[in-house]
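# Structural description and commentary
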Amino acid sequence: MNTWRNASLAVTAAALLALTTACGQDKGTESPNGQNVGNASPAGQAGSGYDTDSGYGSDTGYGSDSGAQSAKSKQAGQLAVWDSKKLGKVLTDSEGFTLYRFDKDTASPPKSNCEGDCAKIWPVVPAGNVTAAAGTDDAVIGKVTRADGTQQLTIAGWPMYRYAKDAKPGDANGQGVGGTWFASDPNGKKAAVNADGPAGAEQADLAGLSVRKDPELGNIVVDKRGMTVYRFKKDSAWPMKSACTGACLSKWPVVAPLAKNDVSGVTTKGFVTFNRPDGLRQQSIDCWPIYTFSGDTKPGDTNGQGVGGTWYAVSPEAKLVGAPK
């Protein structure tokens, strides 16, 4: 009896291991819990505008003294865009750390006004070895020469920084500090709902992934903005592989990684982060990479449905909706 029980447990364990590795990565990367960009708790709202608290708060990442020093010289690499439930689209470096802009800087002409102690708390992002995020215009990438002669990355003219109290990818603790520091969106604007425009309607309070009943398609998955989520028939789940690369991504942006607790009514089977060869990190459900469509301009649009006979909305079970059998 014990032999049978042990064999059964071994088979179960093997099946679970297969589920995490069958998605096509050496190690299935579980989506982080509670790491959504925009869960900011602005601190140190000092009159200086750059947070005068001398402590960096954490022993890891950019949240430590040593982290702040390394961040000073750490190049951004492949930029990426994260979808924040509170802030919209947020620009990050290749490791997922939020990039910020300072209201006391200028974009035209580009000039940084964060020096000395300010630059210890807000380490500058060096220019060089920077690649535009997929689906964004590389013309916004530039550089400015600082007072000390070093060159700093700019986005649409705005100098870019990290924040020493962001301890892990997905943190946005610098949002709103001093009323002058804001996460940057992909075009150098302030990454917040209507931050660069008049006050107005806020985004719907939706989960990162949820279900909407479409009058024609039935139950389909939508993101936190209410935008339809799609799958590409040319992708594969086992092994996990995306056939949408290069220019394709400008039309079909990837859905950024989400926490499992930010999902409502959608399967969390095979809910892993796909570490793409191009450096982007993409959410998958049932091991299928998922996307949105640039041709959808408002919640409820399904303009990507059936495009090319290869793109289809996704059911809550991660199946293709309306695809020919």
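As shown above, the structure is provided for reference.
All values derive from a computational prediction rather than experimental measurement.

### Structural notes on the overall build of the protein
- Assigned secondary structure in the protein consists of four helices and 21 strands.
- Of all 325 residues assigned to the protein, the portion counted as buried reaches 48%.
- Contacts in the protein between residues far apart in sequence, at least 24 positions, make up 69% of those at least 6 positions apart.
- Accessible surface, the protein: about 14800 Å² in total, of which carbon and sulfur atoms supply 53%.

### Considerations on the sheet that holds strand 11 (residues 158-159)
- The strand order across the open sheet formed by three strands is 9-10-11, and the pairing between neighbours is antiparallel. The strands lining the two open edges of the sheet, one partner per strand, are strand 9 (141-145) and strand 11.
- Where strand 9 and strand 10 (residues 151-155) come together, five bridges link them in antiparallel fashion. Across the sheet, Gly142 pairs through a bridge with Thr154, a residue of strand 10.

### Remarks on the state of the cysteines
- In this structure the tally under the stated criterion is two disulfides.
- In this model Cys114 forms its disulfide with Cys118; the gap between the sulfur atoms is 1.9 Å. Its S-S torsion of approximately -110 degrees makes the covalent link between Cys114 and Cys118 left-handed. For the pair formed by Cys114 and Cys118, the shared burial category is buried.
- Here Cys244 is linked by a disulfide to Cys248, with a sulfur-sulfur distance of 1.9 Å.

### Quick look at the pairing of strand 18 (residues 272-275)
- Across three bridges, strand 18 lies against strand 19 (residues 281-285) in antiparallel orientation. Looking at strand 19, one finds that Asn275 is bridged to Arg281.
- Hairpin connection of strand 18 to strand 19: five residues between the antiparallel strands, including Gly279 at a positive phi of 95 degrees.

### Observations concerning the nonpolar core
- Formed by 17 residues in total, the largest nonpolar core has its most connected members in Tyr100, Cys114, Trp122, Tyr161, Tyr163, Trp181 and Ala183.
- For this core, the secondary structure elements donating two or more residues are strand 5 (100-102), helix 3 (117-121) and strand 12 (181-183).
- For this core, the element with the most residues is helix 3, which contributes three residues.

### Details of unusual backbone geometry
- Cis geometry marks the peptide bond from Ser108 to Pro109; its omega dihedral reads 0 degrees.
- Along the chain, the position of Pro109 falls in the loop between strand 6 (106-107) and strand 7 (110-111).
- Here the bond from Trp238 into Pro239 is cis, since omega is 0 degrees, no more than 30 degrees from zero.
- Within the secondary structure, Pro239 sits in the loop between strand 16 (236-237) and strand 17 (240-241).
- At Asn129, a residue that is not glycine, the phi angle is positive and equals roughly 55 degrees.
- If you trace the backbone, Asn129 turns up in the loop between helix 3 and strand 8 (130-131).
- On the basis of relative accessible area, Asn129 is assigned to the exposed category, the value being 55%.
- The phi torsion at Ala318 lies on the positive side, around 75 degrees, for a residue other than glycine.
- The class for Ala318 is buried, based on a relative accessible area of 0%.

### Structural notes on the packing of aromatic side chains
- This structure, assessed with the given rule, holds 13 aromatic pairs.
- Their ring planes at 5 degrees and their centres at 4.1 Å tell us that Phe102 and Trp181 sit as a pair that is stacked. Here Trp181 lies in strand 12 and Phe102 lies in strand 5, a separation of 79 residues in the sequence. Like Trp181, Phe102 is buried.
- Taking the centre distance of 4.1 Å and the plane angle of 5 degrees together, the rings of Phe232 and Trp311 count as stacked. Taken together, the positions of Phe232 in strand 15 (residues 230-232) and Trp311 in strand 21 (residues 311-313) put the pair 79 residues apart, joining distant regions of the chain. You'll find Phe232 and Trp311 in the same group, each marked buried.
- Aromatic ring contacts, followed pair by pair, group Tyr100, Phe102, Trp122, Tyr161, Tyr163 and Trp181 into a single cluster.
- Sitting above the plane of the Trp288 ring, Arg231 keeps its charged end 3.7 Å from the centroid.

### Things to note about the pattern of salt bridges
- Under the counting rule described, the total for this entry stands at 13 salt bridges.
- The partner of Asp214 in a salt bridge is Arg212, with the nearest N and O atoms 3.3 Å apart.
- If you follow the salt bridges from partner to partner, you end up with Arg101, Asp103 and Lys190 in one network.

Rules used throughout
Residues take numbers from 1 onward in each chain, read along the sequence in its written order. Restriction of local features to residues with pLDDT of at least 70 applies here, the model being predicted, together with a cutoff of 80 or more for giving and counting side-chain atom pairs; totals for whole chains, interfaces and linings are based on all residues. With hydrogens and water stripped out, all remaining heavy atoms of the structure feed into the side-chain values. Helix and strand definitions follow DSSP, with helices as H or I runs of at least four residues and strands as E runs of at least two, each counted in order from the N terminus. Think of it in three bands: residues with accessible area under 20% of the maximum for their type are buried, residues over 50% are exposed, and the middle band is partly exposed, with areas taken using a 1.4 Å probe on protein chains only. We call two residues contacting when some pair of their heavy atoms lies within 4.5 Å. Using a 1.4 Å probe, accessible areas were evaluated by the Shrake-Rupley method; residue-level cover was limited to the displayed protein chains. Two strands qualify as a pair provided DSSP detects at least 2 bridges between them. Pairs of cysteine sulfur atoms within 2.5 Å are identified as disulfides in what follows. Within this scheme, the nonpolar core is defined by two criteria: the residues are buried Ala, Val, Leu, Ile, Met, Phe, Trp, Tyr or Cys, and they are joined through side-chain atoms within 4.5 Å. Note on aromatic pairs: the rings of Phe, Tyr and Trp (six-membered ring only in Trp) are paired at centre separations within 6.5 Å, and the planes decide the class, stacked below 30 degrees, edge-to-face beyond 60, tilted for the rest. A ring is scored as having a charge over it whenever the NZ atom of a lysine or the CZ atom of an arginine sits within 6 Å of its centre and within 35 degrees of its normal. The term salt bridge refers to a pairing of a side-chain nitrogen on Lys or Arg with a carboxyl oxygen on Asp or Glu at a separation within 4 Å.

All quantities given are derived from atomic positions and should not be read as evidence of function.
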